[in-house]
Amino acid sequence: MSETRTIAPAEGKLGVLTVGLGAVASTLIAGVELAKRGQGQPIGSMTQMGTIRLGKRTEKRTPLVKDFVPLTRLEDIVWGAWDVFPDDAYVAASRAGVLEQGKHIEAISDVLREIRPMKAAFERKYARNLDGEHIMEASGKRAMLNGIRADINRFRDEKKVDRLVMIWCASTEIFIEPGAEHETVEAFEKAIDANSDVVAPSMLYAYAAILEGVPFANGSPNLAVDMPFLRDMATEKGVAISGKDFKTGQTLMKTVLAPMLKARQLGLAGWYSTNILGNRDGEVLDAPENFKTKEESKLGVLEDILDPSNNPDLYGNVFHKVSINYYPPRGDNKEGWDNIDIFGWMGYPMQIKVDFLCRDSILAAPLALDLILYSDLAQRAGLGGIQEWLSFYYKSPQVAPGLHAEHDLFVQLEKLHNTLRWIMNEDQITHLGREYYDDPS
Ligand SMILES: NC(=O)c1ccc[n+]([C@@H]2O[C@H](COP(=O)([O-])OP(=O)(O)OC[C@H]3O[C@@H](n4cnc5c(N)ncnc54)[C@H](O)[C@@H]3O)[C@@H](O)[C@H]2O)c1
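How each quantity is defined
One numbering rule holds for all chains: residues counted from 1, following each sequence as written. This being a predicted model, a pLDDT of at least 70 is required before a residue's local features are given, and a value of 80 or more before pairs of side-chain atoms are given or counted; all residues contribute to the totals for chains, interfaces and linings. For the purposes of this analysis, a nonpolar core is taken to be any set of buried Ala, Val, Leu, Ile, Met, Phe, Trp, Tyr and Cys residues that are connected through C-beta atoms within 7 Å. Our exposure labels follow a C-beta count within 10 Å of each residue's own C-beta, placed from the backbone: buried means 20 or more other C-beta atoms, exposed means 12 or fewer, and partly exposed covers the counts in between. Only runs of H or I of at least four residues qualify as helices and only runs of E of at least two qualify as strands under DSSP, and these elements are numbered from the N terminus. All domain edges in this entry derive from an automatic or database-based domain assignment. The contact criterion used here is simple: two residues whose C-beta atoms, placed from the backbone, lie within 7 Å are in contact. Whether two strands pair comes down to DSSP finding at least two bridges between them. A residue counts as near a molecule or strand when its C-beta atom, positioned from the backbone, falls within 6 Å of it. Put simply, Ala, Val, Leu, Ile, Met, Phe, Trp, Tyr, Cys and Pro go in the nonpolar bin, Asp, Glu, Lys and Arg in the charged bin, and everything else, Gly too, in the polar bin. Here an axis means a line fitted to C-alpha atoms, over the contact stretch when the element is a helix, while the angle between two N-to-C directions is reported on a 0 to 180 degree scale. Here roughly perpendicular refers to angles of 65 to 115 degrees, roughly parallel to angles under 35, roughly antiparallel to angles over 145, and oblique to all remaining angles. Helix crossings fall into two classes, left-handed where the near helix is turned counterclockwise from the far one by less than a right angle and right-handed where it is turned clockwise. How far a helix is expected to stretch is found by multiplying one less than its residue total by 1.5 Å. Note: the arc covers the axis-to-C-beta directions of the helix.

Digging into the nonpolar core
Right, on to step 1. Among the nonpolar cores identified, the biggest contains 111 residues, and Met166, Ile167, Leu204, Tyr205, Ala206 and Ala368 are the most heavily contacted of them.
Right, on to step 2. A per-element tally of this core places helix α15 (residues 360-380) first, with 12 residues.
Right, on to step 3. Taken together, domain 1 (14-246 + 361-423) and domain 2 (250-357) each give at least three residues to this core, which thus spans both.
Right, on to step 4. In this structure Ala206 touches Phe216, Ala224, Val225 and Leu230, once residues within four positions along its chain are discounted.
Right, on to step 5. In terms of nonpolar packing, the next biggest core, distinct from the first, is built from 12 residues, Ala258, Leu261, Leu302 and Tyr315 among them.

As structure tokens, this is what we get:
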């Protein structure tokens with residue numbers, strides 16, 4: 001062990017600011033409040049239920065993650081949010097229709113009623129299927145940026161929180177190509193004053209967060225904090241950032257199955273993925289410009305895992321298609337189908353079919369919780385800039401320029417575990433395992 005790391009203790013209150021108080025955010029908040037009261041289990045959350053192996057297998061040390069690393073306790077979280085609609089968390093959760101009204105919403109209605117969103121920094125052109133009016137009065141991008149910063153500081157003072165984390169749980173915006181305006185702070189500042197279309201609300205939230213020293217996690221595929229100048233600024237200021245796009249359903253499956261094909265050198269001819277989804281997210285994604293942002297995020301995964309340039313015979317000619325269809329009767333209960341055409345020995349074709357009847361926000365809420373707690377941990381451990389170890393949670397992980405992202409779920413898991421071991425000054429686990437044979441003492 002070389003360098004010893006120190007982590008500031010998780011003392012006091014952690015303010016969690018969710019951008020968006022829709023299905024994911026309300027399911028997250030309600031779930032945490034239920035878990036705090038012993039009225040539900042935070043299933044799917046590594047920080048609450050996961051364990052981590054430490055040392056040699058013979059040592060039998062496998063603590064709970066939350067007993068190993070100093071995480072903020074759920075009891076110390078204080079919620080805040082922004083949304084385009086004025087609904088409090090009780091109304092938002094009821095409207096989202098994810099959790100059972102009697103069992104999981106009424107039971108904590110008093111807490112949920114108290115979480116009322118602040119007015120959103122929003123412009124309709126970035127999500128035209130949203131028509132809420134709970135929007136900051138001052139118009140213009142500069143006013144929005146200042147408004148978000150003022151909200152952050154007011155929340156910090158009023159709620160007397162010691163630390164903050166911001167997480168984007170708002171709608172997916174229209175596709176924006178990264179350009180010169182996103183390269184330097186000077187160019188971005190100019191674009192703000194010119195009210196340029198390439199400055200989306202998500203970027204203003206992310207910029208405000210970094211300026212205020214608040215870690216930012218990005219649950220959607222919007223660029224937001226994934227801009228060169230913000231990445232640099234976050235590194236310089238020691239602010240933890242990560243993104244993009246929660247890896248919950250179909251892409252989670254893809255990043256388990258594709259590494260299996262690659263590991264066994266099985267070929268791939270095509271992967272056809274389609275979804276039906278009936279929540280507000282599905283409605284926003286029904287607009288082609290918004291879906292394009294999601295599509296880019298979903299499509300990159302296979303190419304990065306299969307690495308066709310190094311495996312042309314197996315993956316040189318893959319047809320990959322992803323679609324999402326808005327279908328209201330299903331609400332948040334998404335169904336994702338995959339038809340996977342593979343080939344084996346001597347080129348003989350085979351097929352794999354996946355039909356995942358999932359619940360979007362039930363899968364996303366624990367990821368959001370882990371990202372909040374780990375972003376806060378990173379910040380207290382002095383890790384600023386991109387947190388690649390949080391790739392595990394994202395469809396389109398943010399990595400340093402020039403690096404390709406690791407998409408394989410189990411590589412990502414090992415990266416996360418090893419980072420926890422590293423910040424806690426524990427040995428890395430390489431899985432070489434020679435010691436059990438060469439020196440079994
Ligand atoms: N649920 C999943 O499995 C999953 C997976 C990956 C990514 N995501 C992403 O997470 C995000 C949230 O999903 P959801 O199902 O909760 O959607 P949702 O539509 O229920 O909630 C999003 C909320 O954000 C609000 N909003 C939009 N723009 C805003 C702005 N500029 N400022 C403040 N609020 C704003 C909307 O009014 C809405 O209430 C979406 O971008 C979605 O694509 C979800």
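Considerations on the sheet that holds strand β3 (residues 118-119)
Right, on to step 1. Strand order in the open sheet formed by 7 strands is β3-β2-β1-β4-β5-β6-β11, and the pairing between neighbours is parallel. Both outer strands of the open sheet, β3 and β11 (385-386), are each paired with one neighbouring strand and no more.
Right, on to step 2. Looking at chain direction, strand β5 (residues 216-218) and strand β6 (residues 240-242) are connected through 2 bridges and run parallel. For Phe216, the partnering residue across the bridge sits in β6 and is Ile241.

As for the site of the ligand
Right, on to step 1. By nearness alone, 37 residues border the ligand, and Gly20, Gly22, Val24, Ser220 and Arg280 come closest of all.
Right, on to step 2. Those elements giving two or more residues to the shell around the ligand turn out to be α1 (23-36), β2 (77-83), α12 (280-285) and α15.
Right, on to step 3. At 4 residues, the largest contribution of residues to the shell around the ligand is made by α15.
Right, on to step 4. Residue composition of the shell around the ligand, grouped by class: 21 nonpolar, 11 polar and 5 charged.
Right, on to step 5. Structurally, the shell around the ligand is a two-domain feature, drawing no fewer than three residues from each of domain 1 (14-246 + 361-423) and domain 2 (250-357).

Remarks on the sheet that holds strand β7 (residues 267-277)
Right, on to step 1. As summarised here, the arrangement of the 4 strands in space is β8-β7-β9-β10, forming an open sheet in which the pairing is mixed. What marks the edges here is a single partner per strand, and that holds for β8 (319-326) and β10 (349-357). Each adjacent strand pair in this sheet contributes to an overall mean axis angle of 10°, direction not counted.
Right, on to step 2. Note that β7 and β8 share 8 bridges and pair parallel. Across the sheet, Ser273 pairs through a bridge with Val322, a residue of β8.

Thoughts on the packing of helix α9 (residues 201-211) against helix α10 (residues 228-237)
Right, on to step 1. Put simply, α9 and α10 touch, their axes get as near as 10 Å, and they point 20° apart. In this view, α9 runs roughly parallel relative to α10, as classed from their interaxial angle. Considering the relative orientation of α9 and α10, their crossing is left-handed. Where α9 approaches α10, its residues Ala206, Tyr207 and Ile210 are matched on the opposing element by Leu230, Met233, Ala234 and Lys237.
Right, on to step 2. Considering only residue class, the contact of α9 with α10 consists of 6 nonpolar, no polar and 1 charged.

Observations regarding helix α7 (residues 141-159)
Right, on to step 1. The end-to-end C-alpha separation of α7 is 27 Å, in line with the 27 Å expected for 19 residues at 1.5 Å each.
Right, on to step 2. Considered for burial, the residues of α7 that qualify are Lys141, Met144, Leu145, Gly147, Ile148, Asp151, Ile152 and Arg156. Taken end-on, α7 shows its buried residues confined to a sector of 170°, consistent with a single buried face. Opposite its buried face, α7 presents the exposed residues Arg154, Asp157 and Glu158, each directed more than 90 degrees away.
Right, on to step 3. Tucked into the core, α7 has its buried residues touching β1 (14-19), β3, β4 (163-168), α8 (185-193) and α9.
Right, on to step 4. Trailing α7 by a residue or two, Lys160 shows a phi angle of about 50°, which is positive.

Let's talk about the domain arrangement of the chain
Right, on to step 1. Here the domain parsing of the chain yields domain 1 (14-246 + 361-423) and domain 2 (250-357).
Right, on to step 2. Distance between the C-alpha centres of domain 1 and domain 2: 25 Å.
Right, on to step 3. With 26 residues of domain 1 at the contact, the number on the domain 2 side is 27 residues.
Right, on to step 4. Split into classes, the residues belonging to the side of domain 1 that touches domain 2 amount to 10 nonpolar, 10 polar and 6 charged.

Notes on α9
Right, on to step 1. Of all 11 residues that make up α9, 10 are buried, and the element is covered over most of its length.
Right, on to step 2. Along α9, the positions that sit buried rather than exposed are Pro201, Ser202, Met203, Leu204, Tyr205, Ala206, Tyr207, Ala208, Ala209 and Ile210.
Right, on to step 3. Of the surrounding secondary structure, the elements contacted by the buried residues of α9 are β1, α7, β4, β5 and α10.
Right, on to step 4. Positive backbone phi, at 70°, marks Gly213, one or two positions downstream of α9.

Here's the deal with unusual backbone geometry
Right, on to step 1. Omega for the peptide link from Gly243 to Lys244 comes to -10°, which places this bond in the cis form.
Right, on to step 2. With respect to the helices and strands, Lys244 occurs in the loop between β6 and α11 (250-263).
Right, on to step 3. We note that Lys60 has phi near 50°; this positive angle belongs to a residue other than glycine.
Right, on to step 4. Checked against the element boundaries, Lys60 lands in the loop between α2 (46-49) and α3 (65-68).
Right, on to step 5. With 9 C-beta atoms packed within 10 Å, Lys60 lands in the exposed category.
Right, on to step 6. Phi at Asp307 takes a positive value of approximately 50°, unusual for a residue other than glycine.
Right, on to step 7. Relative to the helices and strands, Asp307 is located in the loop between α13 (288-306) and α14 (312-315).
Right, on to step 8. The class for Asp307 is partly exposed, based on 14 C-beta atoms found within 10 Å.

Section: the environment of Gln428
Right, on to step 1. With respect to the helices, strands and loops of the structure, Gln428 is situated in the loop between α16 (409-423) and α17 (435-438).
Right, on to step 2. Take Gln428: there are 12 C-beta atoms within 10 Å of it, and that puts it in the exposed class.
Right, on to step 3. Excluding anything up to four places from it in sequence, Gln428 contacts Asn418, Arg421 and Trp422.

With respect to the environment of Leu377
Right, on to step 1. Inspection of the secondary structure puts Leu377 in helix α15.
Right, on to step 2. Every residue in contact with Leu377, bar those within four places of it in the chain, is listed here: Val69 and Leu71.

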